[in-house]
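Fold and contact review
Next come the chains, spelled out residue by residue.
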Amino acid sequence: MANNEVPNYKDTINLPKTDFPMKGNLNQREPDFIKNWQDREIYKKMINTNVEKGTFAMPDGPPYANGHLHMGHALNKTLKDIVIKYKNMSGYRAPFIPGWDCHGLPIEHGVTKNLGDKRDTISDKELRKLCRAEAQKWVETQKSEFQRFGILADWENPYLTMKTEYEAEEIRVLAKILKTGALYYGTKPVYWCWALKTALAEAEVEYKNHKSPSIYTKFNVVEESLEKIFHLYPGLDKKKKISFVIWTTTPWTLPANLAITVHPEFDYAVYESHGEYLVIAEKLKDFFEKETSLSLKETKAKTVLGEKLEGLHYQHPFIQRVSPIILGTHVTLDAGTGLVHTAPGHGADDYNVGLKYGLQILSPVDEAGLFNIEAPEWLRGKHVLKQGNAAVIEKIQSSGHLIALKEIEHSYPHCWRSKAPLIFRATPQWFLKMDLVSEQDGFSIRQKSLKGIGQVQWIPEWGENRISSMIENRPDWCLSRQRIWGVPIPVLYCTKCSTPLAKEDVILRIADEMQFHGGIEGYFDGDIKKFQGEHKCENCSSQDFQKGKDILDVWFDSGICWAEVQKKREGMTQPADLYLEGSDQHRGWFHTSLLTSVAAEGIPPFKTVLTHGFVMYAKGQKMSKSLGNVIDPLEVIKDSGSDILRLWAAHEDYANDLTCNPETFERLKETYRRLRNTI
């Protein structure tokens, strides 16, 4: 459908017959109103009429180009439309440039699913072409639906994250961040979706209840450390075996165990049970007895501070590996034993403490979640969650190291798209470093972001605390994804030693190629020697490189709207006057827009941030197709007209979650009649 075409809803929709037709006949007349606005170019006249007060910039947080619009879209775009029209009527030039988020997993997943077995017969380039067509289809569909909502906007010139100029500008922003030193390549544990074989960022993770095995396991003190431990705990029977005890809900990570971490300031005691000694934190004795049904007998030995245990060694329960006791302040007394099983390849805290002690970043798991050649032979090929947990538990039990086992249900990270439970897996990825102190101003991205948050007006006010806590606690941002449909991370890799060539001039040459020669295809089809220039491998001096295939997190795509829209479109500004989205975007678009803008420009991309709640069914019930309670905004318009939908958006308290059901719109019809008759 061409940009200037409006669907003739009179012809395509069978209008329902009602006993009480509205005088306004909105459902029949509104399409004519909208066509009249378009024919007379009302949007252009509106933004060019009053400019004496200057400009008002409110960029559009881009909806995802995948599927028909829902009530959340109706609420969001209506609120924005009200703000834009009000500001223009108040004497400002307030443009509204609609946008769409076009890359990413949902589109690629849908296209791949439709291809079925044919996927193996087409190239990645052909797949990207199909993904582009799929995204464009939904852009046009959603565009016509938004127009039917009565939204005035520059529909002829929207911004799309898959437009060549947008993709190129995204790469230029990445080059700016690289120049600051905040972009780095490293092997560290990230959320990994084994079902989709890709890394995920925090914003792509959802938490759901999940059942996991909870085990308490013994790690025997090695003979070389016995003399020291009996010195620390005098009075013990030296003939009895002594073990450190750990608790874990991820037994599959035990093959990657390289240390046990204790807190330097906690007291650790030795207790006797069934003729052997067990070391746990003193304050967790009662908890441990309750969880394991063991009775612990106190010994004559006094407690010892964790710092005294550093450097002792233990034997892995089923691998010929001796590992150390190390210290870490992330250890808590909330549950378990106060001794933490540490696998640097499978956990953020484990990774950080492992770096401090120079431990290997071991992750014997492949991209599909199967144990690989680095795992014991009896585990290789087994899925870590489906078979791995059970196999490891059986091995520990047969070796006599299992103390207790039960199943627990707890909140666990899942992939937002595949819905599969995630694993932490160390892989080479590109990251945005949150705590690198800039040589230019002496502050890190985290510090500058937190300072910027304090300078922004947040509506409601609680939004400031919410996003501040997220920024304070977030890890480095994993920017890379192992997918096909997206903006590539334009890094070349040495064919001999795999060392990355990440240079500003290389990335800027690639950006120019993308802008003038087909966007992302300009990267994949472009001359690698032209990109490379005179650079050689910094590790082995080779001049042979290959193009990287990882793509950027799609939240990075939408997050650089400030660069391509606010800084380049007429009437827009950086920072913008207002960002207006749902409250979930503290974790999403607000969050990533802030980080990218601060990383590249040093300032937040917005002056004010306003959030609205979610749309729920009556009495706060979540809308669900399975429950049959989904309200379709297009059906509301079909029955009553978009002004009834808009009246609902204006009538409700947007600061909280909003509710609606069929009765809601029946009542609003009467309210509309009163307004209409009064006017």
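This text goes with the structure placed above it.
Here goes a summary of the coordinates provided. (Residues numbered from 1 in each chain as written. Predicted model: local features only at pLDDT ≥ 70, side-chain atom pairs only at ≥ 80, totals over all residues. Heavy atoms only, no water.)

Here's the deal with the packing of aromatic side chains
What characterises a pair of aromatic rings is the spacing of the ring centres plus the angle enclosed by the ring planes. Here the structure, examined in full by the defined rule, presents 21 aromatic pairs. When the ring of Tyr523 is compared with that of Phe531, the centres are 6.4 Å apart and the planes differ by 10°; the resulting orientation is stacked. On the accessibility criterion, Tyr523 (0% relative accessible area) is buried. Taking the centre distance of 6.3 Å and the plane angle of 50° together, the rings of Trp648 and Phe665 count as tilted. Here the residue Trp648 occupies a position in helix H21 (residues 642-651), and Phe665 occupies one in helix H22 (residues 662-678), the gap between them amounting to 17 residues. Residue class for Trp648 comes out buried when judged on its relative accessible area of 0%. (Phe/Tyr/Trp six-rings, centres within 6.5 Å; stacked < 30°, edge-to-face > 60°. Buried < 20%, exposed > 50% of the residue type's maximum accessible area, 1.4 Å probe, protein only. Helix = DSSP H or I, 4+ residues; strand = E, 2+ residues; numbered from the N terminus.)

Comments concerning the sheet that holds strand E21 (residues 500-501)
What links the strands of a sheet is backbone hydrogen bonding, and the strands pair in either a parallel or an antiparallel sense. Reading across from one edge, E21-E20-E22 is the order of the 3 strands in this open sheet, with antiparallel pairing throughout. On the outer flanks of this sheet lie E21 and strand E22 (545-547), each paired with one strand and no other. Sheet topology note: the strand E20 (residues 492-494)/E22 ladder contains 3 bridges and is antiparallel. Across the sheet, the residue bridging to Leu492 is Lys547, located in E22. (Pairing = 2+ DSSP bridges.)

Concerning the packing of H21 against H22
At a minimum axis separation of 9 Å, H21 and H22 run at an interaxial angle of 95°. In terms of orientation, H21 lies roughly perpendicular with respect to H22. Contacts from Asp643, Ile644, Leu645, Leu647, Trp648 and His651 of H21 reach H22 at Thr664, Phe665, Leu668, Lys669, Thr671, Tyr672 and Leu675. Here the contact of H21 with H22 is composed, by residue class, of 8 nonpolar, 3 polar and 2 charged. (Axes fitted to C-alpha atoms, helices over the stretch in contact; angles between N-to-C directions. Parallel < 35°, antiparallel > 145°, perpendicular 65-115°, else oblique. Contact = heavy atoms within 4.5 Å. Nonpolar A, V, L, I, M, F, W, Y, C, P; charged D, E, K, R; others polar.)

Structural notes on the pairing of strand E13 (residues 322-327)
Counting buried residues in E13 gives 5 out of 6 residues, a clear majority hidden from the surface. Judged from the 3 bridges that link them, strand E7 (residues 259-262) and E13 form a sheet pairing that is parallel. Looking at the pairing, Ile260 lines up with Ile325 of E13. Bridging between strand E12 (residues 313-315) and E13 involves 3 bridges; their strand directions are antiparallel.

Observations regarding the sheet that holds strand E3 (residues 183-193)
Pairing within the open sheet is antiparallel, and its 4 strands lie in the order E4-E3-E16-E18. Two strands bound the open sheet, and with one partner strand each, they are strand E4 (198-200) and strand E18 (477-478). By the bridge criterion, 2 bridges tie strand E16 (residues 423-432) to E18 in an arrangement that is antiparallel. Looking across to E18, one finds that Leu432 is bridged to Trp477.

The values reported here are purely geometric and, on their own, carry no functional implication.
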